[in-house]
Amino acid sequence: MNRLNVLTGLLICLLAAPALAEREERHSPEIQEMNRLAEAAMQMALKAVEESGGLYPFAVIAREGDNNQILGYQGEREAAPPPTQWAEALFLRLQEMTRDEDMGLRAVALVRLHEVPSKAGDKVPGIWVQVDHRKERPWVLFLPFVRNEAGRHEAGELIYYASEQPIFPASAESRD
């Protein structure tokens, strides 16, 4: 994949910020926290793509007391599982961690590269972020990398939608 024009991606995130801020004013503190966590995760992902041309799946965890933590692969690079396999393992690990309420986890964001089919049947790569909160319904953000006229990839329009696959347990209190 050609290198992503990170300035375009950051510009899109910055342009979306006023809309997110307006949306936050009308939503609960939990939704506001999910927005902030998703934005931070997306910015980290864009930076990783710009610096290395790729992205290995990682998670950002919001704990009680405003302590955020990044959770990623810690082993030798040569021994790393394929990204899809690691993303699945990381998802399961996050589910396990969120079951333990004593860990103080409020929200989590799982980040990976993903491909979706276009209307023409082509695969469109992009950054996929699933964000979930103990008290809210999970949702997904997808920032596609579209080819411009010069044949280079640049960030497209940010898409977000509700997810049917929670990371927090289904019994989490007051989910919509």
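Caption draft 1: A look at the nonpolar core. Grouped together as the largest cluster of nonpolar side chains are 25 residues, with contacts concentrated most on L37, M42, V111, I127, V129, V131 and L141. Breaking this core down by element, the ones donating at least two residues are α2 (29–52), β1 (58–63), β3 (105–117), β4 (123–133) and β5 (136–147). Considering every element that reaches this core, the biggest residue donor is α2, with nine residues. Each residue touching L141, except ones within four places of it in the same chain, is listed here: A38, M42, I127, W128, V129, V131, L158, I159 and Y160. Residues L90, F91, L94 and F142 belong to the second largest nonpolar core, which totals 16 residues.

Caption draft 2: Broad picture of the side chain of D132. On the secondary structure map, D132 appears in strand β4. For D132, a relative accessible area of 0% corresponds to the buried category. Among the polar contacts made by the side chain of D132, one reaches the main-chain amide nitrogen of F168 at a distance of 2.8 Å.

Caption draft 3: Structural view of the pattern of salt bridges. The final tally for this structure, using the stated rule, is four salt bridges. Note that K47 is salt-bridged to E51, the shortest N-O span being 4.0 Å. Of the two residues, K47 and E51 both sit in helix α2, four residues apart, roughly one turn of that helix. Grouping residues by exposure puts K47 and E51 together as exposed. Ionic pairing is found between E164 and R137, a salt bridge with its closest N-O pair at 2.2 Å.

Caption draft 4: Summary view of the packing of aromatic side chains. In total, this model carries four aromatic pairs according to the counting rule given. For the pair Y56 and Y73, a centre-to-centre distance of 5.9 Å together with 70° between the ring planes defines the contact as edge-to-face. Of this pair, Y56 sits in the loop between α2 and β1 while Y73 sits in the loop between β2 (67–71) and α3 (83–99), placing them 17 residues apart in sequence. The exposure class of Y56 is partly exposed, given its relative accessible area of 27%. What makes Y73 partly exposed here is its relative accessible area of 27%. Ring centres 6.2 Å apart and planes at 55° place the aromatic pair W139 and Y160 in the tilted group. With W139 in strand β5 and Y160 in strand β7 (residues 159–162), this pair connects stretches of sequence that are 21 residues apart. Overall, Y160 belongs to the partly exposed group, its relative accessible area being 44%. Ring-pair connections join several aromatic residues into one group, and the members of that group are Y56, Y73 and W86.

Caption draft 5: Spotlight on the pairing of β5. The buried count for β5 comes to nine of twelve residues, which makes it a mostly enclosed element. Direction of pairing for β4 relative to β5: antiparallel, over a ladder of seven bridges. Pairing of W128 across the sheet is with F142, part of β5. Where β5 meets β7, four bridges bridge the pair, whose relative direction is antiparallel. Bridge assignment links V140 to a residue of β7, and that residue is Y161. Note: β5 against strand β6 (residues 153–155), three bridges, orientation antiparallel. Counted as the bridge partner of R147 is H153 from β6. If you look at the hairpin formed by β5 and β6, you'll find five residues sitting between the two strands, and G151 has a positive phi there, around 85°.

Here is what the cut-offs are and how they apply
- Residues numbered from 1 in each chain as written.
- Predicted model: local features only at pLDDT ≥ 70, side-chain atom pairs only at ≥ 80, totals over all residues.
- Heavy atoms only, no water.
- Core = buried A, V, L, I, M, F, W, Y, C linked by side-chain atoms within 4.5 Å.
- Buried < 20%, exposed > 50% of the residue type's maximum accessible area, 1.4 Å probe, protein only.
- Helix = DSSP H or I, 4+ residues; strand = E, 2+ residues; numbered from the N terminus.
- Contact = heavy atoms within 4.5 Å.
- Polar contact = N/O pair within 3.5 Å; in protein donor to acceptor, adjacent residues only side chain to side chain.
- Salt bridge = Lys/Arg side-chain N within 4 Å of Asp/Glu carboxyl O.
- Phe/Tyr/Trp six-rings, centres within 6.5 Å; stacked < 30°, edge-to-face > 60°.
- Pairing = 2+ DSSP bridges.

These values are about where atoms sit, not about what they do.
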